[in-house]
Amino acid sequence: MNVAYFKQLSGDDHCQISFRLNAERYNIDKVFNFNRSSAEQIDTSLERMRQNIEKELQKRHKRKKNKNTATPAQSEDPPVELPPVQVNIGTREAKFTGITVAEMLARIGQNPDVFLTVLENEFRIVYNKPEVHALVLPSSMMADFYVYPSKLELHFATRSESDYRWYRGLPPVSNGEQIVWEEVGQEFTYLVPNRDVGYYLKFVCTPKSGDQTGPDAVKVTDQTVQAGPGQCPFEVRHLFTQQKLTGGQFRVVSYNLLADVYADSDYSRNVLFAYCVPYALALDYRKQLFVKELVGYQADLLCLQEVDGKVFELDLMPILRQNRYVGHYQAKCRVAEGLATFYDTEKFELVEKHGVIISNIMKEFPELWDQIKGNEPLVKRISHRSTALQVTLLQSKHDRNKHLLVANTHLYFHPDADHIRLLQFGFAMLYVRRQYERILGGDRLSADDVALLFCGDFNSDPESGIYKLMIERFVGPDMPDWQSNELEAVQNVSLAQPFQMGSACGCPKFTNYTLGFTECIDYIFFQTSLLRVLPDAVPMPSEEELTVYEAIPSPVFPSDHIALVTNLEWTRCDE
């Protein structure tokens, strides 16, 4: 039996109707789509549908009649007179009339034996069938990297329940030749092997929800698979992360991914990253690299900065979910990027998560705010910053008494903003300390049970006040950072924090490497009284690797930052 699809999305006050009318004797084979208000009378909706179908029939009938008149000798079929077009909805016992579209949908939901009749064609009505609403494949696909839809929107279906298939096929040798497809994968992602170079790829999604299955959606790539850039330096680092850590040991990655908003601009292409070939700055290219890089580290905790909102939703979430990660996102205000923290669900369990804009919480801490609020230029500048902070409390599944309080941030960058960053970090540490003391305020956890990790891009070198505050726990009013901008200079302010902290990766010569700037500005700070760094370190890339293409980003480095990777364990952990 023919099928008519009726759909109404949550919160939408319209019903979408779609069906294919195939009546050869009337020279019509067409998909009709209608969009009717839920408040409209069903009789009005049916009349509008009837008029549109009748118009299409008359147009096609006239076209065929003219053709037969022009070439009567070639015509074998006599013209068919059009019957009155009838469009009805109801059961076989009674037609629906005198009700609204919304009332009709309610009846369809209660009674599966409702039909749409057009001419003599009867259509079984399927309401809110699982469907693929949008499907887009990436424009760049390279061998030895993951490929997956750059956009997949499902209605009335879930990604976890839906089925996926990948096929490969060689380009046609001649016009009119059909591509012969060979199935090569049955997952949402496909790790493209080298043998697929020169092939087109086809992706098929079968949307599902419970026992409901919708029609397949099919998409073929516009381009063939290209050869990859060769071995990337992060793949050498993967040799040190081939196995997941076990027991009370865990691996942490902190990585600034370079948001597309900063990579895809005339200034970036022509000035900031002018040394980088344009294709290697394109997001579709770069995300193939950093997705593979992140998965290959086999980390238990990922703290990411400069994460585009769409990259989080469309790339990181689905790919990392396949690898047992769950994450949350904190967008910056006024900028289309933010922070993301992911954790391995086999190693940790989420207790709570928080995300804030630092400028929005400053007044909550009068012990610092009251010292700067009278400096109008300073307050104006720091209040307009969109710097974000994430705080995540995780419970170890290996030892239920052990918890990690994980902070993640990306501090403001400007050459004359050392004082802004130091104040931002001061407020961030006050917020973290408040969360820490609240967590310990209950009867269940002690100070030995909660260890602090603070990861991020701090835009501060090892001589900065931020590094001094974390390692030495105190910054006095004589710190040069306070005077980085004469008009906004901070006077008579000291900062202190109570945690014994160390830098898990030390102070590498650089964590950011461009032609205009090289410096160590990223850190994984850890609480040394409760955690220790394992000796089997994951090495940083060499300067020779970073300069193969002058600097980074490059065809083998997707960001202008280098991922920090460290292995940690609890100093006191039940084995």
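Residues numbered from 1 in each chain as written. Predicted model: local features only at pLDDT ≥ 70, side-chain atom pairs only at ≥ 80, totals over all residues. Heavy atoms only, no water.

(A) Just the overall build of the protein chain, in detail. What the protein chain contains, in helices and strands, is 13 helices and 32 strands. In terms of overall dimensions, the protein chain has a C-alpha envelope of 100 × 55 × 55 Å along the principal axes. By the burial criterion, 53% of the 575 residues in the protein chain qualify as buried. Within the protein chain, contacts between residues at least 6 apart in sequence are counted, and of these 71% link residues at least 24 apart. Charge separation in the protein chain, taken as the distance between the mean sites of 60 positive and 76 negative side-chain charges, equals 7 Å. (Helix = DSSP H or I, 4+ residues; strand = E, 2+ residues; numbered from the N terminus. Buried < 20%, exposed > 50% of the residue type's maximum accessible area, 1.4 Å probe, protein only. Contact = heavy atoms within 4.5 Å. Lys, Arg positive; Asp, Glu negative; His and termini not counted. Charge placed at Lys NZ, Arg CZ, Asp CG, Glu CD.)

(B) Layout of the pattern of salt bridges. The tally for this structure, following the rule as stated, stands at 35 salt bridges. The partner of Glu153 in a salt bridge is Lys151, with the nearest N and O atoms 3.5 Å apart. Glu153 sits in the partly exposed class, given a relative accessible area of 33%. Residue Lys151 is classed as partly exposed on the basis of its relative accessible area of 33%. Connected through shared salt-bridge partners, Lys244, Asp300, Arg324, Asp344, Glu346 and Lys347 make up one network. (Salt bridge = Lys/Arg side-chain N within 4 Å of Asp/Glu carboxyl O.)

(C) The arrangement of unusual backbone geometry in detail. Omega for the peptide link from Ile552 to Pro553 comes to 5°, which places this bond in the cis form. Along the chain, Pro553 turns up in the loop between helix H13 (543–546) and strand S32 (564–570). Phi is positive for Leu119, which is not a glycine, with a value near 55°. Counting through the fold element by element, Leu119 comes out in the loop between strand S5 (115–118) and strand S6 (121–127). Unlike most non-glycine residues, Glu550 shows phi in positive territory, near 80°. Here Glu550 shows up in the loop between H13 and S32.

(D) Focus on the sheet that holds strand S20 (residues 337–344). Taking strand neighbours across the sheet as the criterion, the six strands line up as S19-S20-S18-S17-S32-S31 in an open arrangement whose pairing is mixed. Two strands close off the open sheet at either side, each with one partner strand: strand S19 (325–331) and strand S31 (531–533). For this sheet, the mean inter-axis angle between neighbouring strands, taken without regard to orientation, is 25°. Where S31 lies against S32, three bridges are found, and the strand directions are antiparallel. Bridge pairing links Val533 to Leu568 in S32. Across the sheet, helix H6 (residues 283–296) touches strand S17 (249–256) and strand S18 (301–308), and the angle it forms with S17 is around 165°. Packing of helix H7 (residues 309–322) onto the sheet brings it into contact with S18, S19 and S20, and relative to S18 it is tilted by some 150°. (Pairing = 2+ DSSP bridges. Axes fitted to C-alpha atoms, helices over the stretch in contact; angles between N-to-C directions.)

(E) Looking closely at the environment of Ser140. Assignment of secondary structure puts Ser140 in the loop between strand S7 (131–136) and strand S8 (146–147). Classification of Ser140 by relative accessible area gives buried; the value is 18%. When the C-alpha positions of Ser140 and Val114 are compared, they lie 46 Å apart, and in sequence the two are 26 residues distant. Every residue in contact with Ser140, bar those within four places of it in the chain, is listed here: Asp284, Tyr285 and Gln288. A distance of 2.9 Å separates the side chain of Ser140 from the side chain of Gln288, its partner in a polar contact. (Polar contact = N/O pair within 3.5 Å; in protein donor to acceptor, adjacent residues only side chain to side chain.)

(F) Main features of the environment of Leu440. Inspection of the secondary structure puts Leu440 in helix H11 (residues 418–440). With relative accessibility at 22%, the residue Leu440 sits in the partly exposed group. It is 56 Å that separates the C-alpha atoms of Leu440 and Arg195, two residues lying 245 residues apart in sequence. Not counting residues within four places of it along the chain, the set of residues in contact with Leu440 comprises Leu445, Ser446, Ala447 and Val450.

(G) How the structure looks around the packing of aromatic side chains. Inspection of the entire model under this criterion finds 25 aromatic pairs. Ring centres 5.1 Å apart and planes at 55° place the aromatic pair Phe19 and Phe123 in the tilted group. Here Phe19 is found in strand S2 (residues 14–23), whereas its partner Phe123 is found in strand S6, with 104 residues between them in sequence. Residue classification places Phe19 among the buried positions, given a relative accessible area of 1%. Relative accessible area serves as the criterion here: at 0%, Phe123 is assigned to the buried category. On the numbers, 5.4 Å between centres and 75° between planes, the contact of Tyr164 with Phe188 is edge-to-face. With Tyr164 in strand S10 (residues 163–169) and Phe188 in the loop between strand S11 (182–185) and strand S12 (190–191), this pair connects stretches of sequence that are 24 residues apart. Relative accessible area serves as the criterion here: at 8%, Tyr164 is assigned to the buried category. Take Phe188: its relative accessible area is 5%, and that puts it in the buried class. Cluster of aromatic residues (ring-pair linked, three or more members): Tyr148, Tyr164, Trp166, Phe188, Tyr190 and Phe203. (Phe/Tyr/Trp six-rings, centres within 6.5 Å; stacked < 30°, edge-to-face > 60°.)

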